[in-house]
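Reading the structure
So you can see what is in the structure, the chains are spelled out below.
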Amino acid sequence: EISCSLVGSEMCIRDSIDTNVLIQNPQALLSFEDNQVILPVVVLEELDNLKKAEGEKGRNARAAIRILEELRLKGNLLEGIRLEPHGMIRVEKNYIDIKLPEDLPEDKMDNRILKVCKGLAESSSQQVILVTKDILLRIKAQIIGIRAEDYTTEQVAEYEGQYKGRIEVYVPEEKFKDFKKKGVPVEDVYLSDEQGNRKVPKLEENEFVILKADQSAKKTQLGRVEKGMIKKLEYRKSIPYGVTPRNAGQYFAQEALMQPADKAPLVIIKGMAGTSKTFYTLAVGLEKVLNNPTGEYRRILISRPNAQFDSDIGFLPGDEQEKISPLMRPIIDNLEQLIDSNEEERYKDEMELQGKIDEIFERGLIQTEALNYIRGRSIVKTYLIIDEAQNMTPNQVKGIITRAGKGTKIILLGDTNQIDRPMLDERTNGLSFASEYMKGSPLCWQITFSPEECERSALAMDAITRL
């Protein structure tokens, strides 16, 4: 039995960045289980306006339209079409004469949707819920007495409850001594609360572990969970491109990045600014492709999603590389430090340093591409870095990960405290989405840097803890 009406509302595209429910995820039409989904006619008008748009916006609008066409062929959308296994979807063309408060002008798309919600609420005993990712629209709905909710299907836990890819545990002294030779079974480690009570933690596959001997807590070892055992790190003594790990987080990141693509094809690294996410990822990439080329990867491919840029690339001057070069400046900054590790001499000859970097790009060892140009391709034998991945939608992340061809390693980097897209937050961005849903996969390795692992500068560290 249909228990409530859901108005699929976040199809109202403002002049700003397109972040509505259907444009973010066309499959949202089919995600409301046994509820009734109502689409105001204005939603169809907006999809029609967007179907020829460039990039992600147009692609998802067309996908939503195709879903609606498949439904139309099954019956009359105005009367309603049953969804499997339960639920219903229909288009609502009435309630154009419903009155709104005078300060809500009727010519606005948002307010046309509010009229439908108000009309449904007044003509039905069922509860009406406005589903929208637009915070201001939710506020306006509350003003006229309509319940409004965010689209939560792709939401994950709040930041503190999200998977970190690491844990600190205690292990009996005798087991600790044999760790390097035999490893430690996951059931032999434990946590301890303030009262001294022991608790056996649930460890995920590939989760990184800081082991502490319970009789001498200052003794620590670093390990990783694999098939029920905590094993020592294989690459703890590696120095990729001359870079030495400075903290536990970097040791863990190095382990994940150095692993071959067939064993660790997806690596997710989260952390605040200054924790060397991009720097260390590039160091391992240069080690694999430039310093000791074994043929494992053909190239390093880098992309940085940007909300405005991804939708407007066609209108920027120049070729693709000229268009995306401003976004890649942080990558160049890291390359400058890696290419010339001598801090005293690095910037004495700017032309020579730039020449070294240009040579790497000219040889095709490092390439940069817009995110929209990566999707839809099958990428093989590539060290693929997606920087600032917190600015991706869950749908974009799925599109990238499912494009991985044979021998490709995908690295998602980001900081969920620095989200630039107005309709994404720490619970709905693509980086957090991938982290939570890939947790426990033997093909995914994850690590979240702690604030204390900031290596940028004393000021950066101080700001992270204070601001």
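If you're wondering where the values come from, they're calculated on a predicted model, not measured in any experiment. (Residues numbered from 1 in each chain as written. Predicted model: local features only at pLDDT ≥ 70, side-chain atom pairs only at ≥ 80, totals over all residues. Heavy atoms only, no water.)

**Some details on the overall build of the protein chain**
Of the regular secondary structure elements, the protein chain holds 17 helices and 19 strands. For the protein chain, contacts bridging at least 24 residues in sequence account for 69% of all contacts bridging at least 6. Carbon and sulfur atoms make up 48% of the accessible area of the protein chain, which amounts to about 22600 Å² in all. (Helix = DSSP H or I, 4+ residues; strand = E, 2+ residues; numbered from the N terminus. Contact = heavy atoms within 4.5 Å. Areas by Shrake-Rupley, 256 points an atom, 1.4 Å probe, with all protein chains shown as cover.)

**Overview of the sheet that holds strand 15 (residues 299–303)**
Taken in spatial order, the six strands make up an open sheet running 16-15-17-18-14-19, and their pairing is parallel. Across the chains shown, the open sheet's two edge strands, defined by having one partner strand only, are strand 16 (366–368) and strand 19 (444–448). Each strand of the sheet is rotated relative to its neighbour by a mean of 15°, with strand direction disregarded. (Pairing = 2+ DSSP bridges. Axes fitted to C-alpha atoms, helices over the stretch in contact; angles between N-to-C directions.)

**Section: the side chain of T448**
Secondary-structure assignment places T448 in strand 19. Of the residues examined, T448 reaches a relative accessible area of 4% and is grouped as buried. (Buried < 20%, exposed > 50% of the residue type's maximum accessible area, 1.4 Å probe, protein only.)

**Focus: helix 5 (residues 135–143)**
Those residues of helix 5 that fall on the buried side of the exposure criterion are L137, K140 and A141. Taken end-on, helix 5 shows its buried residues confined to a sector of 105°, consistent with a single buried face. Counted as exposed and oriented over 90 degrees from the buried face of helix 5: I135, L136, Q142 and I143. Packing partners of the buried residues in helix 5 comprise helix 4 (109–123), strand 5 (127–131) and strand 6 (147–149). Where helix 5 begins, one side-chain oxygen reaches toward the backbone nitrogen of L136, 3.0 Å away; that side chain belongs to D134. One or two residues past the end of helix 5 sits G145, with phi positive at roughly 80°. (Arc of directions from axis to C-beta. Polar contact = N/O pair within 3.5 Å; in protein donor to acceptor, adjacent residues only side chain to side chain.)

**Observations concerning the environment of R82**
In this structure, R82 sits in strand 3 (residues 81–82). Residue R82 is classed as exposed on the basis of its relative accessible area, which comes to 57%. Spatially, the C-alpha atoms of R82 and L71 are 9.1 Å apart, while their sequence positions differ by 11 residues.

**Observations regarding a nonpolar patch on the surface**
On the surface, I135, L136, I139 and I143 cluster together into a nonpolar patch covering about 410 Å² of accessible area. Examined against the element boundaries, L136 turns out to sit in helix 5. Among the residues examined, L136 registers a relative accessible area of 53% and is labelled exposed. (Patch = residues over 30% accessible without salt bridge, like charges linked within 9 Å, V, L, I, M, F, W, Y side chains within 5 Å. Salt bridge = Lys/Arg side-chain N within 4 Å of Asp/Glu carboxyl O.)

**Points about the pattern of salt bridges**
Following the criterion strictly, the structure yields 24 salt bridges and no others. In this structure, the salt-bridge partner of E168 is K212, at a minimum N-O distance of 3.0 Å. Placement of the pair is E168 in strand 7 (residues 166–171) and K212 in strand 11 (residues 208–213), with a sequence separation of 44 residues. A single salt-bridge network, built from bridges that share partners, covers K133, R138 and D150.

**With respect to the packing of aromatic side chains**
If you walk through the whole model with that rule in mind, you get five aromatic pairs. The interplanar angle of 40° and the centroid separation of 4.6 Å between the aromatic rings of F433 and Y437 together place this pair among those described as tilted. Of this pair, F433 and Y437 both sit in helix 16 (residues 430–437), four residues apart, which is roughly one turn of the helix. Positioned above the aromatic ring of Y159, the side-chain terminus of K164 is 4.8 Å from the ring centre. Across the ring face of Y190, the terminal group of R198 is positioned such that the distance to the ring centre comes to 3.9 Å. (Phe/Tyr/Trp six-rings, centres within 6.5 Å; stacked < 30°, edge-to-face > 60°. Lys NZ or Arg CZ within 6 Å of the ring centre and 35° of its normal.)

**Re the packing of helix 2 (residues 41–50) against helix 4**
Taken N-terminus to C-terminus, the directions of helix 2 and helix 4 make an angle of 150°; their axes are 9 Å apart at the nearest point. With respect to helix 4, the axis of helix 2 lies roughly antiparallel. Contacts between helix 2 and helix 4 involve V42, V43, E45 and E46 from the former and M109, R112 and I113 from the latter. (Parallel < 35°, antiparallel > 145°, perpendicular 65-115°, else oblique.)

**Observations concerning helix 13 (residues 350–362)**
With 13 residues, helix 13 should cover 18 Å at 1.5 Å per step; its first-to-last C-alpha distance of 18 Å lies within 8% of that length. Restricting attention to buried positions, one finds in helix 13 the residues L353, I357 and I360. For helix 13, the angular spread of buried residues about the axis comes to 50°, placing them on one side. Residues of helix 13 that are exposed and point more than 90 degrees away from the buried face comprise M351 and E362. Next to the buried residues of helix 13 lie helix 9 (277–291), helix 12 (329–339) and strand 16. In the segment just after helix 13, G364 is the residue with positive phi, at about 80°. (Expected span 1.5 Å × (residues − 1).)

**Some remarks on unusual backbone geometry**
Residues other than glycine seldom take positive phi values, yet N206 does so here, at roughly 75°. Its place among the elements puts N206 in the loop between strand 10 (198–199) and strand 11. At K227, a position not held by glycine, the phi torsion is positive, near 50°. Considering the arrangement of structural elements, one finds K227 in the loop between strand 12 (216–226) and strand 13 (229–232). Residue classification places K227 among the exposed positions, given a relative accessible area of 72%.

**Focus on the pairing of strand 18 (residues 409–414)**
Where burial is concerned, most of strand 18 is hidden: six out of the six residues are buried. On strand 18, burial covers both faces: K409, I411 and L413 on one face and I410, L412 and G414 on the other are all buried. The pairing of strand 17 (residues 382–386) with strand 18 spans four bridges and is classified as parallel. When the sheet's bridge partners are listed, I386 is paired in strand 18 with L412.

**Let's talk about the side chain of S432**
Within the secondary structure, S432 is located in helix 16. A residue is classified by how much of its surface remains accessible, and S432, at 0% relative accessible area, is buried. Excluding its chain neighbours within four sequence positions, the residues that come into contact with S432 are V156, Q162, T416 and E426.

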